[in-house]
Amino acid sequence: MSRLSREEKREVQQEGRLVPVDVRVAGATASVDGVPLLTGPGEEPQQAVLNHLQRLARAAGRPVLATVHDTRIGYVVPLQVNLDGSSSFTGDPVRLAAPAAEPKGQSAPKEAAPREPAPEAAPAFPLRAVPKPPAAPPALSVPPAPSLPPAPGTVQPPVGVFGPPPVMSTPAPASAPETAPVTALVPEELPVDRDPDLRSTPTPTPARGFDAVAEEVLGDEPVTLTAEGAALLTEPVARINEAVRTGRIEAAAELAERTVAEVAAVLGDDHTEVLHLGELTAYISYLAGDPERAFHLSLDLARQRRSARDGEAAYGNVRSAATAWRAVRDPEHGLRLGRELIDLWSRLTTEDGPAADDIDELESARARMARLTERARRAARNA
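Owing to the predicted nature of the structure, the values given are computational and were not obtained by experimental measurement. (Residues numbered from 1 in each chain as written. Predicted model: local features only at pLDDT ≥ 70, side-chain atom pairs only at ≥ 80, totals over all residues. Heavy atoms only, no water.)

Trainee: For this particular structure, what's the right way to read unusual backbone geometry?
Mentor: Residues apart from glycine generally show negative phi values, whereas peptide bonds are mostly found in trans. Although it is not a glycine, aspartate 33 adopts a positive phi angle of roughly 55°. Along the chain, aspartate 33 falls in the loop between β2 (29-32) and β3 (35-37). Positive phi, close to 60°, is recorded for arginine 309, a residue that is not glycine. One can find arginine 309 in the loop between α8 (291-307) and α9 (311-326). (Helix = DSSP H or I, 4+ residues; strand = E, 2+ residues; numbered from the N terminus.)

Structural data, given as structure tokens:
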């Protein structure tokens, strides 16, 4: 989709229509209308974008429309941000188109290297003079004869000029005896890798934490894990997801809290569906601007999953807690929460599960703890 120029945007605004702001979010970076957006220490790019759009709405005195291309969740989201900071969807999210893969075996054309000038043709082999008179005449040079094909067995210099072929007798070729068919030299018991690209194809990393929950919320159907869950949760989870899609976060939070209580009374607090609903409730708390509640819900879920020896799910809950923790701005409070998070996270790395293979994320959390410690020290010194 082509972008409007600044003059076209000004004309549209003068006519009273709202022009969507083009927002791009990729990893830890974000840009608004092509201008990079700076984020504060520990601030998520999505939150920085919402804060920036709210400031634009306040400056304009009316809501701001935005088209958010978020590669983290893989969707293009049409959004409206109001003056009070609340946001809502203005249409259905659309999946981002996958980038066109370059055909295998093809590479960018390389510039042809300049050819070096061909060496000057060496003179053809001279013929010796025939001794007819007593005085031998000077040797005669025979002009090159490129049209003559070289005789078998002739060694030619790489200059493109051929002299007279030597006289040699060529016996008539004898009929070649029939040869037995050549058998394969590779033993049958050794496997042959017919597609080497399959070996180098990396396994895609599954979405974890709030990323996985967001994919379910933006999906076409509510996800349930058991037959009991399908019977009890299909309708309420569909209503919760619809409330999130339309930006009614408070209504979604109330409905999620009520649904968790009702299902826990029927299935029990440790049932898979109750834990799954808890993940959705934590995600909605994060969207509602309550990162501390989202942190505690996610960390409690991680402890329950670890007790059930489900390392995969426990690590996903730890990643959700880490996302919520990064949104806590107060350094002293962030340090207290961070100690709880890193203590459980470190224990997971010593057990079976994906946490042991993802040490870089844990080191990133420890680096934030060092920054929070420095901020707390400066705040205490300036107090």
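Trainee: Could you clarify how one ought to interpret the packing of aromatic side chains in this entry?
Mentor: Where two aromatic rings form a pair, the distance of their centres and the angle of their planes describe that pair. Overall, the coordinates contain 3 aromatic pairs when judged by the stated rule. A centroid spacing of 5.6 Å and a plane angle of 55° characterise the contact between phenylalanine 210 and tyrosine 283, whose relative ring orientation is tilted. Of this pair, phenylalanine 210 sits in helix α4 (residues 210-217) while tyrosine 283 sits in helix α7 (residues 272-287), and the two are 73 residues apart along the sequence. Here the two residues phenylalanine 210 and tyrosine 283 agree in accessibility, since each one is buried. (Phe/Tyr/Trp six-rings, centres within 6.5 Å; stacked < 30°, edge-to-face > 60°. Buried < 20%, exposed > 50% of the residue type's maximum accessible area, 1.4 Å probe, protein only.)

Trainee: For this particular structure, what's the right way to read the pattern of salt bridges?
Mentor: Oppositely charged side chains may form a pair once their charged atoms are brought near each other. One pass over the full model with this rule turns up 17 salt bridges. Among the ionic pairs, glutamate 312 bridges to arginine 208, the shortest N-O distance being 3.3 Å. Placement of glutamate 312 in helix α9 and of arginine 208 in the loop between α3 (197-200) and α4 is noted, with a sequence separation of 104 residues between them. On the basis of relative accessibility, which here comes to 17%, the residue arginine 208 falls in the buried class. Counted as one network, the salt bridges with shared partners bring together Glu44, Arg72 and Asp211. (Salt bridge = Lys/Arg side-chain N within 4 Å of Asp/Glu carboxyl O.)

Trainee: Where do I start with the pairing of β2 in this structure?
Mentor: A regular strand places its side chains so that they alternate between the two faces of the sheet. Relative to β2, strand β1 (residues 21-26) is paired through 4 bridges, and the arrangement is antiparallel. Counted as the bridge partner of arginine 24 is serine 31 from β2. Count of turn residues in the β1/β2 antiparallel hairpin: 2 residues, of which glycine 27 carries a positive phi of about 65°. In this sheet, β3 lies alongside β2 in antiparallel orientation, the contact comprising 3 bridges. Counted as the bridge partner of valine 32 is valine 35 from β3. If you look at the hairpin formed by β2 and β3, you'll find 2 residues sitting between the two strands, and aspartate 33 has a positive phi there, around 55°. (Pairing = 2+ DSSP bridges.)

The values are spatial; any link to function lies outside them.
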